[in-house]
Structure formats: structure tokens, C-alpha cells
Amino acid sequence: MRRRQGVERRRRLFVTFSRISWVLSRSATACAPFVLSWLQATVYQAPSVCAAFLANIDAQSDKTVKFNGNMYKLPAWSVSILPDCKNVVLNTAQINSQVTTSEMRSLRSSTQDSDDSSITPELATAGWSYAIEPVGITKENALTRPGLMEQINTTADASDFLWYSTSIIVKGDEPYLNGSQSNLLINSLGHVLQVYINGKLAGSAKGSASSSLISLQTPVTLVPGKNKLDLLSTTVGLANYGAFFDLVGAGVTGPVKLSGPNGALDLSSTDWTYQIGLRGEDLHLYNPSEVSPEWVSDKAYPTNQPLIWYKTKFTAPAGDDPVAIDFTGMGKGEAWVNGQSIGRYWPTNLAPQSGCVNSCNYRGSYSSNKCLKKCGQPSQTLYHVPRSFLQPGSNDLVLFEQFGGDPRLISFTTRQTNSICAHISEMHPAQIDSWITPQQNAQRPGPSLRLECPREGQVISNIKFASFGTPSGTCGNYNHGECSSSQALAVVQEACVGMSNCSVSLSSKNFGNPCSGVTKSLVVEAACS
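No experiment lies behind these values; they were computed from the predicted model shown.

Glancing now at the sheet that holds strand 18 (residues 225-234). Pairing is antiparallel in the open sheet, where six strands are placed in the order 12-21-13-18-15-16. Among the strands making up the open sheet, the edge pair consists of strand 12 (143-146) and strand 16 (200-206). Here the strands of the sheet are splayed against their neighbours by 25° on average, with no regard to which way each runs. The pairing of strand 15 (residues 192-197) with strand 16 spans six bridges and is classified as antiparallel. The residue bridging Leu 193 from the neighbouring strand is Ala 205, located in strand 16.

Okay, structure coming up:
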């Protein structure tokens, strides 16, 4: 009993506004009958403390409600937080956040011979060296087993790659042949599969975002005598959540079958030899500090061929802007800078052709198909290079290209901030950190617009645009409305120029009242240097 008395007693009320709807219909204009379940309130109350959450789960329409004797406007699909059951400190649809516009700038580069110490001020790259990754089994510790083995359990995630290798003896009169031709069928759990017949690429396939399963059918040409069949199965990340995710496999699970007009040959149960990983991985070709005779320096290096390692040197871009590599022109592979992986690249992996929209509204229930853009374009072309990976002067870049590409087409880019922008209206609540408890009996400040330069040492050097009234547009493309204060630019300049961050209060004292009876907004676009 004492324990129960010692714990603060809370009362949680969950109301679907059957009672508040009566207040709405009497007290609020434009609140004629509507679906009452769009509105919800959750109240936490103790003898001296009260907090409330008012929610409008209508994804289309704003609502006005009366709660505890006060009127509150709830934008569509939003929640207002009232820490004292009276004052709104945050509404999820009216966040006072800063927007940054930026551009990716390609660096001009010049190619220098490896023995030339001169560099350009912006970027210099040496010529490319290459090493060929052999097809099939090259390791002495390869294992041979009858039947097909699941990839993840076999590799224990030690590598993305697993080779499957077997051989076929052809006499020429086999029922699965049509002359020297046969149809090869391979089923795989994913994620990527390449097929080599006698060392030459015969076909490839990949899973999709909705299903990693692969069913590859391709015509192949076999020669009399021994034919070597090598399958390179590749994983592209592994599931780590969801029901039974640990049971989701990968790799070739069969059948693997040759078929022709008079019969078929199922290779699924024959002896297969397995190799975990690539020879280049074992030789640490990605680590430039380890010298390897595999590297060949030749201006006529192979391009657009599968299973090639590439290596070059480059100078680190000057400054402290974020750096990325644009892998346009490459197929699929992995990249290392100074021996550290920056991840797998795959610019040839295209997004679906359909499903994109011209306008976007995030209100309403979440869906992965919402607000899609760049349909039919590469899912990613720019790959970040952390500045901490780079060193002054010369740096090493190593690529493993699995599908085939031309490394001369890749480029370095830097991300440069153009503007910082902010927008706030008179309907926005004050900043959370300005909230004052009722016991302090102080006048609560109104909403404020805040700006802050993105990097340490920067200050706001220029106010590109400022408007108080009814401005329109987006960051980088703002316009004055019919209602506009003539004082806005001067007020913001005085408060912000020369400062690393600033705050401008929305008040008639600062901006006057350019139009009565209208909800006014302040938008600002600034530059930092």
C-alpha cells in the first residue's frame, strides 16, 4: 500500500473526441459534422502535473479543436505536444528546421605518368594498373562435395563470393545436345549469378528488390571432350531482420540442368568443387601497401571485361568539402581508398521504370512506394569517401570490377553548400528550448526563425532573400507575395550577417504588420563562408 502511495499516480485518458466533437460543433467554425475518429487526445495527469498530446490523423484536412477551454489548430496528419495541457511546444507538421541546398561539383583532373611528380591544383590521377581475376578454382584449400551447397553457410560470410565448379565430358551424341548447343538452366536463391563455360562468360542474372531468386536460362556451346562449368555466386548484403531472416539462404541450390531436343542432364547431384572468395582477396590486392606481381602497368589495359582489378593514384581534393566518387561507366564491384573499403558500387542497377510522381505529400500512412523519384535511373552513382580515409599528397584507389566497365570514366566530386534556408509562420509554436514552466510566470516568446552555418568556423556572409508576409517558393527559388514587409531584409541582415548562427523573432515589432487578418510567414535564404 505504501509503495502504491509513493508512486506518482497517473491517469491516462484516451478520447476519440465524442465529447470534444460536441465542443467543436458549438465552438469552432468550419467544424461541421466530420469523421470524429480523425481526432485523438492522450492526457497524462497527476495532482500537480498535466501533459497532453492532441492528434489529427486525417491526412487531408486541418482541424480546429477546443481543449481545456483553449482553441488549437491541428494541421493534417500531425500531433501537438502540450507539456502543461495548455501551451503547444511542438507540432510535428510545423517543425522549425533548416534546409540546405547543395551541388555535387566534378573536379577537373589531369592524368600524370606514374613517375611525374607534378600535379594540378584541383586533382591529378596516375595511369591505371590492372590485374585479372582468374575464372574458377585457384586455391589449394578448395573443397569438393557431391551436390549443391547453400552459400551463406558455406562462406560463413567471409566473402561475398562463392565459386561452384564442375566438368562435363561431351562425346557429341548426348541427348541434351542440338549439334554443339544446349540450353542451360540454373536456379539460385540469389543474389547475383555469373556463368562461365570453358573460362568464357556465358550469361548472368540478378535478383530484384522484391525477390532475390534467380532462374537463369541461357544457350551454351559445348566442345567435344572436357567442358568446364564455373558459376560465380555473389551476395549483396544479408537480411538481418524480419521473420526467420536467418533461414533466408543464398547461392545456387538447383536444379542445374542441360537440356536439348532429345533429353536432359541434371548436374545438381554431381561432384562440385567450391572456393570461398576471390584470389585477389587472398592476395590483398585491395591493400596498396602489399606489393604484388599480379599488377600490370600498361596503357592498353582491358576495359568492359568481367573480373578485373584496377589501381591508380590520385591527389586528395583540396579543402574540407565532402568527397565522393562518381562510378558512372563502371558495372558492379567494390572500391578501396588507401586500403579501406568505401563499399560496393553498382551504378548499372537501375530503379524500376514506373511508380514515380511529380509531386510528393508525405502525410498519411507510410508506404515504401510513396514519393518515388528517378525511375529508370541508377539507384546510386555517387559513393562517399570519408575525409579521414584521405592523406595529404598521393592516395591509392583500387577497384574490383565484376561485370565490366571503364575506369577512365569515373570522376571525383565534392559536395558544396550553396544556401541555407528556413521558413516559419505565425502558426508555428515557439522553439522547445524556449518553453517556460507555468510556475515561472514569464511571458512566453513567439516563434523564431533560426539559421546556423553547417560547418565550424563559417559565418553567415550574405542574406540572399528575406520576406515576411505571404512568400512562396522553395529554397533557392523564393518569391515575394502580395503581402510583404519592406523591413524584412534589413532586419535579418542586422541579426545574422557575421554570425555563425542567429535567431529572428516573428513579431510586429521587427517587421510591422504588412497585412492584417492574414497568417504571415518569414522565409530566409542565406550563404555561409
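Turning our eyes to something else, we now look at the pattern of salt bridges. For side chains bearing opposite charge, pairing can occur when the charged atoms are close. Going through the model one piece at a time under the given rule, you end up with ten salt bridges. The residue Lys 63 makes a salt bridge to Asp 58 at a minimum N-O spacing of 3.2 Å. Both residues of the pair, Lys 63 and Asp 58, count as buried. Between Arg 279 and Glu 294 there is a salt bridge, with the nearest N and O atoms lying 3.1 Å from each other. Of this pair, Arg 279 sits in helix 4 (residues 279-282) while Glu 294 sits in the loop between helix 4 and strand 22 (296-297), and the two are 15 residues apart along the sequence. Taken together, the shared-partner salt bridges in this structure form one network comprising Asp 320, Asp 321 and Arg 455.

A full pass over the atoms with the stated rule returns 17 aromatic pairs. Here Tyr 286 and Trp 336 contribute two aromatic rings whose centre-to-centre distance is 5.3 Å and whose plane-to-plane angle is 20°, an arrangement assigned as stacked. One end of the pair, Tyr 286, is in the loop between helix 4 and strand 22; the other, Trp 336, is in strand 25 (residues 333-337), and 50 residues separate them in sequence. Counting every residue linked through ring pairs, the aromatic cluster contains Phe 161, Tyr 286, Trp 309, Trp 336 and Phe 400.

Glancing now at the state of the cysteines. A covalent bond between the sulfur atoms of two cysteines is referred to as a disulfide. As enumerated under the stated definition, the model contains seven disulfides in all. Disulfide partner of Cys 50: Cys 85, at an S-S distance of 1.8 Å. Its torsion about the S-S bond being -70°, the disulfide of Cys 50 and Cys 85 is classed as left-handed. Linking Cys 50 in strand 3 (residues 50-56) with Cys 85 in the loop between strand 6 (78-82) and strand 7 (90-91), this pair joins segments that are 35 residues apart in sequence. Overall, the relative accessible area of 5% leaves Cys 85 in the buried class. Each sulfur of the disulfide joining Cys 453 and Cys 528 lies 2.2 Å from the other. Disulfide Cys 453 to Cys 528: torsion about the S-S bond roughly -90°, handedness left-handed. Here Cys 453 is found in the loop between strand 30 (448-452) and strand 31 (460-469), whereas its partner Cys 528 is found in strand 35 (residues 521-528), with 75 residues between them in sequence. For Cys 528, a relative accessible area of 21% puts it in the partly exposed group.

Once that is clear, we can look at the sheet that holds strand 17 (residues 214-221). Spatial ordering of the open sheet is given by 17-14-19-20, a layout of four strands whose pairing is antiparallel. The open sheet is flanked by strand 17 and strand 20 (263-266), the only strands paired with a single partner. Shown here is a sheet whose adjacent strand axes are inclined to one another by a mean of 20°, direction ignored. By the bridge criterion, eight bridges tie strand 14 (residues 181-188) to strand 17 in an arrangement that is antiparallel. Within strand 17, the position partnered with Gln 181 by the bridge is Thr 221.

Turning our eyes to something else, we now look at the confidence of the model for the protein. Mean pLDDT for the protein: 87, with 87% of residues reaching 70 or above. Every residue in residues 1-35 scores below 50 in pLDDT, and together they form 46 contacts with partners more than four places removed in sequence or on other chains. In the predicted structure, residues 112-121 sits below a pLDDT of 50 and forms nine contacts with residues beyond four places in sequence or in another chain.

If you check which residues of helix 5 (residues 488-496) are buried, you get Ala 488, Val 491, Val 492 and Cys 496. All buried residues of helix 5 project into a common sector of 105° when viewed along the axis, lining one side. Each element contacted by the buried residues of helix 5 is listed here: strand 30, strand 31, strand 34 (501-505), helix 6 (508-511) and strand 35.

Now for unusual backbone geometry. With an omega dihedral of 10°, the bond running from Gly 190 to His 191 counts as a cis peptide bond. Among the structural elements, His 191 can be located in the loop between strand 14 and strand 15. Each neighbour pair has its own omega, and for Gly 254 with Pro 255 the value is 0°, a cis peptide bond. Mapping Pro 255 onto the fold places it in strand 19 (residues 252-260). One non-glycine residue, Asn 198, adopts positive backbone phi at about 55°. Assignment of secondary structure puts Asn 198 in the loop between strand 15 and strand 16. Among the residues examined, Asn 198 registers a relative accessible area of 34% and is labelled partly exposed.

Thresholds applied
- Residues numbered from 1 in each chain as written.
- Predicted model: local features only at pLDDT ≥ 70, side-chain atom pairs only at ≥ 80, totals over all residues.
- Heavy atoms only, no water.
- Pairing = 2+ DSSP bridges.
- Helix = DSSP H or I, 4+ residues; strand = E, 2+ residues; numbered from the N terminus.
- Axes fitted to C-alpha atoms, helices over the stretch in contact; angles between N-to-C directions.
- Salt bridge = Lys/Arg side-chain N within 4 Å of Asp/Glu carboxyl O.
- Buried < 20%, exposed > 50% of the residue type's maximum accessible area, 1.4 Å probe, protein only.
- Phe/Tyr/Trp six-rings, centres within 6.5 Å; stacked < 30°, edge-to-face > 60°.
- Disulfide = S-S within 2.5 Å.
- pLDDT = per-residue confidence, 0-100.
- Contact = heavy atoms within 4.5 Å.
- Arc of directions from axis to C-beta.

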